[in-house]
Amino acid sequence: MATLLLALAIISTGLYAGMMLIFQTGIMPALARLSDDQFVPAMNRINETVPRAVFVLVFLAIMVFPAAALAVPVDGRTDTQRCLIIAGLVCAVLNNLITIGGNIPLNNALASAESASPAVPTGQARAAFESRWNLFHLIRTLFTLASFALLVTAAL
């Protein structure tokens, strides 16, 4: 059971890390090329689409499966492996805290700016959003990649 839980932790974290990396290296650089009038609605449509059931399940799984893998007793698991899983879990929790405390509030502010009456000028909305969101996203991407690497290493 512990092996299955660790495998599920690796799979879910790998899926999430991959999504974060694609956003970091592909989606956000592509959006950066858009004008303000294109960027704000495009980012808002992404933020409306991404947080659906599959995303939420993976978002939670990156914490639940490593924690469950730690909770199941395993004969032969070394202290190093246990520490690697704990470190991977800590990185996943930090990722989620950054998402909840940093990226989501910025997403909500950008959506409010677009729907305000009168709407906040797109250049102003983008300026308040983009660099801060990208910084939070870079940090959470690094935490998620670290979590994935730590969990894979624990399984070796």
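See the structure shown above.
Residues numbered from 1 in each chain as written. Predicted model: local features only at pLDDT ≥ 70, side-chain atom pairs only at ≥ 80, totals over all residues. Heavy atoms only, no water.

We now examine the overall build of the chain. A tally of helices and strands in the chain yields five helices and zero strands. Each helix and strand of the chain, placed in order from N terminus to C terminus, yields the pattern α-α-α-α-α. C-alpha atoms of the chain, sized along the principal axes, occupy 65 × 25 × 20 Å. Taking the contacts inside the chain whose residues are at least 6 apart along the sequence as the reference set, 82% of them involve residues at least 24 apart. Of the roughly 8,200 Å² of accessible surface on the chain, a fraction of 71% belongs to carbon and sulfur atoms. (Helix = DSSP H or I, 4+ residues; strand = E, 2+ residues; numbered from the N terminus. Contact = heavy atoms within 4.5 Å. Areas by Shrake-Rupley, 256 points an atom, 1.4 Å probe, with all protein chains shown as cover.)

Their axes nearest at 9 Å, the elements helix α2 (residues 36-49) and helix α5 (residues 122-155) cross at an angle of 55 degrees. Relative to α5, the element α2 is oriented oblique. Remark: the crossing between α2 and α5 carries left-handed chirality. Between α2 and α5, the contacting residues are D36, D37, F39, V40, M43 and N47 on the first element and T122, G123, A125, R126, F129, E130 and W133 on the second. The residue inventory of the contact of α2 with α5, partitioned by class, reads six nonpolar, three polar and four charged. (Axes fitted to C-alpha atoms, helices over the stretch in contact; angles between N-to-C directions. Parallel < 35°, antiparallel > 145°, perpendicular 65-115°, else oblique. Left-handed = near helix turned anticlockwise from the far one by under 90°. Nonpolar A, V, L, I, M, F, W, Y, C, P; charged D, E, K, R; others polar.)

A grouping of L21, L138, L142 and L145 is seen on the molecular surface, where their side chains present a nonpolar patch of about 310 Å² in accessible area. Counting residues per element, the nonpolar patch draws most heavily on α5, at three residues. By secondary structure assignment, the location of L138 is in helix α5. The class for L138 is partly exposed, based on a relative accessible area of 35%. (Patch = residues over 30% accessible without salt bridge, like charges linked within 9 Å, V, L, I, M, F, W, Y side chains within 5 Å. Salt bridge = Lys/Arg side-chain N within 4 Å of Asp/Glu carboxyl O. Buried < 20%, exposed > 50% of the residue type's maximum accessible area, 1.4 Å probe, protein only.)

Okay, the pattern of salt bridges next. Applying the stated rule across the entire model yields four salt bridges. For D36, the salt bridge is made with R126, and the minimal N-O distance between the two is 3.1 Å. Taken together, the residues D36 in helix α2 and R126 in helix α5 connect sequence positions 90 residues apart. With a relative accessible area of 31%, D36 lands in the partly exposed category. With a closest N to O distance of 2.7 Å, R126 and E130 form a salt bridge. One end of the pair is R126 and the other is E130, both in helix α5 and four residues apart, which spans about a single turn. Taken as a pair, R126 and E130 share a single burial class, namely buried. A single network of salt bridges, built from pairs that share partners, joins D36, R126 and E130.

Packed helices, taken two at a time, are described by their axes: the angle between them and the distance between them. Contact geometry for helix α1 (residues 2-32) and α2: axes closest at 10 Å, N-to-C directions at 145 degrees. Packed against α1, whose contacting residues are F23, I27, M28 and L31, the element α2 presents F39, A42, M43 and I46 at the interface. In terms of residue class, the contact of α1 with α2 is made up of eight nonpolar, no polar and no charged.

Moving on, we get to the packing of aromatic side chains. In this structure the tally under the stated criterion is six aromatic pairs. Judged by centre distance (5.8 Å) and plane angle (40 degrees), the rings of Y16 and F55 are tilted. With Y16 in helix α1 and F55 in helix α3 (residues 53-71), this residue pair connects regions lying 39 residues apart in the sequence. Across this residue pair, the class does not change: Y16 and F55 are buried. Ring plane angle 25 degrees and centroid distance 5.7 Å describe the contact between F55 and F59, whose orientation is recorded as stacked. With F55 and F59 both in helix α3 and four residues apart, this pair spans about one turn of that helix. (Phe/Tyr/Trp six-rings, centres within 6.5 Å; stacked < 30°, edge-to-face > 60°.)

Any functional reading would require information that these geometric values do not contain.
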